[in-house]
Amino acid sequence: MNNDPMYAVQSPQKVGINGLKGWISKVFFGKGFENEVDDSLEIANNQMKLIEKQNQLIIEGISAEAIVTEVKKTGKLLNFTDPILTLKLKVIPNSCVFFEIETTMAFSNLTIPQEGQRIEIKYDPQDKSSIVIL
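Now for a look at the structure at hand.

Calculation rules
- Residues numbered from 1 in each chain as written.
- Predicted model: local features only at pLDDT ≥ 70, side-chain atom pairs only at ≥ 80, totals over all residues.
- Heavy atoms only, no water.
- Helix = DSSP H or I, 4+ residues; strand = E, 2+ residues; numbered from the N terminus.
- Buried < 20%, exposed > 50% of the residue type's maximum accessible area, 1.4 Å probe, protein only.
- Contact = heavy atoms within 4.5 Å.
- Areas by Shrake-Rupley, 256 points an atom, 1.4 Å probe, with all protein chains shown as cover.
- Phe/Tyr/Trp six-rings, centres within 6.5 Å; stacked < 30°, edge-to-face > 60°.
- Lys NZ or Arg CZ within 6 Å of the ring centre and 35° of its normal.
- Patch = residues over 30% accessible without salt bridge, like charges linked within 9 Å, V, L, I, M, F, W, Y side chains within 5 Å.
- Salt bridge = Lys/Arg side-chain N within 4 Å of Asp/Glu carboxyl O.
- Core = buried A, V, L, I, M, F, W, Y, C linked by side-chain atoms within 4.5 Å.
- Polar contact = N/O pair within 3.5 Å; in protein donor to acceptor, adjacent residues only side chain to side chain.
- Pairing = 2+ DSSP bridges.
- Axes fitted to C-alpha atoms, helices over the stretch in contact; angles between N-to-C directions.

**Points about the overall build of the chain**
When helices and strands are tallied, the chain shows three helices and five strands. The order of helices and strands in the chain, counted from the N terminus, is α-α-α-β-β-β-β-β. A burial count over the chain gives 25% of its 134 residues as buried. Within the chain, contacts between residues separated by at least 24 positions form 51% of all contacts whose residues are at least 6 apart in sequence. Surface summary for the chain: the accessible area is close to 9700 Å², and the carbon and sulfur share equals 55%.

**Some words on the packing of aromatic side chains**
Enumeration over the complete set of coordinates arrives at one aromatic pair. Note on phenylalanine 99 and tyrosine 123: the rings are 5.2 Å apart at their centroids and 70° apart in plane angle, and the pair reads as edge-to-face. Of this pair, phenylalanine 99 sits in strand β3 (residues 99-106) while tyrosine 123 sits in strand β4 (residues 118-124); the two residues are 24 residues apart in sequence, bridging distant segments of the chain. In terms of burial, phenylalanine 99 and tyrosine 123 fall into one category: buried. Above the face of the phenylalanine 98 ring, lysine 90 is positioned so that its terminal group lies 4.3 Å from the ring centre. Of note, lysine 128 hangs over the ring of phenylalanine 99, and the distance from its end group to the ring centre comes to 4.7 Å.

**Looking at a nonpolar patch on the surface**
Judged by side-chain polarity, Ile24, Phe28 and Phe29 come together as a nonpolar surface patch covering roughly 360 Å² of accessible area. Residue position: phenylalanine 29 is located in helix α2 (residues 19-29).

**Quick look at the nonpolar core**
With 15 residues, the main nonpolar core has Leu89, Val91, Ile121 and Ile131 as its most contacted residues. Every element with two or more residues in this core is listed here: β1 (62-78), β2 (82-93), β3 and β4. Per-element accounting of this core gives the leading share, four residues, to β2. With sequence-adjacent residues up to four places away left out, valine 91 is seen in contact with Ala64, Glu65, Ala66, Phe98, Phe99, Ile101, Ile121 and Tyr123.

**Re the environment of arginine 118**
Examined against the element boundaries, arginine 118 turns out to sit in strand β4. A sequence separation of 29 residues divides arginine 118 from leucine 89, and the C-alpha atoms of the two residues are 9.4 Å apart. When near neighbours in sequence (up to four residues on either side) are disregarded, arginine 118 contacts Glu65, Ala66, Ile67 and Ile92. There is a polar contact of 2.7 Å between the side chain of arginine 118 and the side chain of glutamate 65.

**Here we look at the sheet that holds β2**
Ordered by their spatial adjacency, five strands build an open sheet running β3-β2-β1-β4-β5, and the pairing between neighbours is antiparallel. Each edge of the open sheet is held by one strand with a lone partner, namely β3 and β5 (127-133). For this sheet the average axis-to-axis angle between neighbouring strands, irrespective of direction, equals 45°. Taken together, the four bridges between β4 and β5 define a ladder with antiparallel strand orientation. Looking at the pairing, isoleucine 121 lines up with isoleucine 133 of β5.

This is the structure we're talking about:
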């Protein structure tokens, strides 16, 4: 077993609290504690994969301008403050015909796009719905 504290962040796994520690945890934190920790680790793992994909798109993606055609609130928040929105975008690449995509992501309250706004993005030519806003 790897005792490096960064290992847990790099490779989140199921907690599996057993024995006396598991019993104490369940008594003090409730039976759902282990599931909540596992769910949090899964969210963290998914977020790390998303950041890795976005970093890859920044380096290897195709640059394009996009026009925000619709902004919808999902009613969900990231970190209790940042709204998660669904955007419809008309993507206008330099070398091809435009295409439309829909994407859902979190935004700071200071950077929420408005309908009609032009934004710079990069996208994956193999999966045009995979974008990063620059």
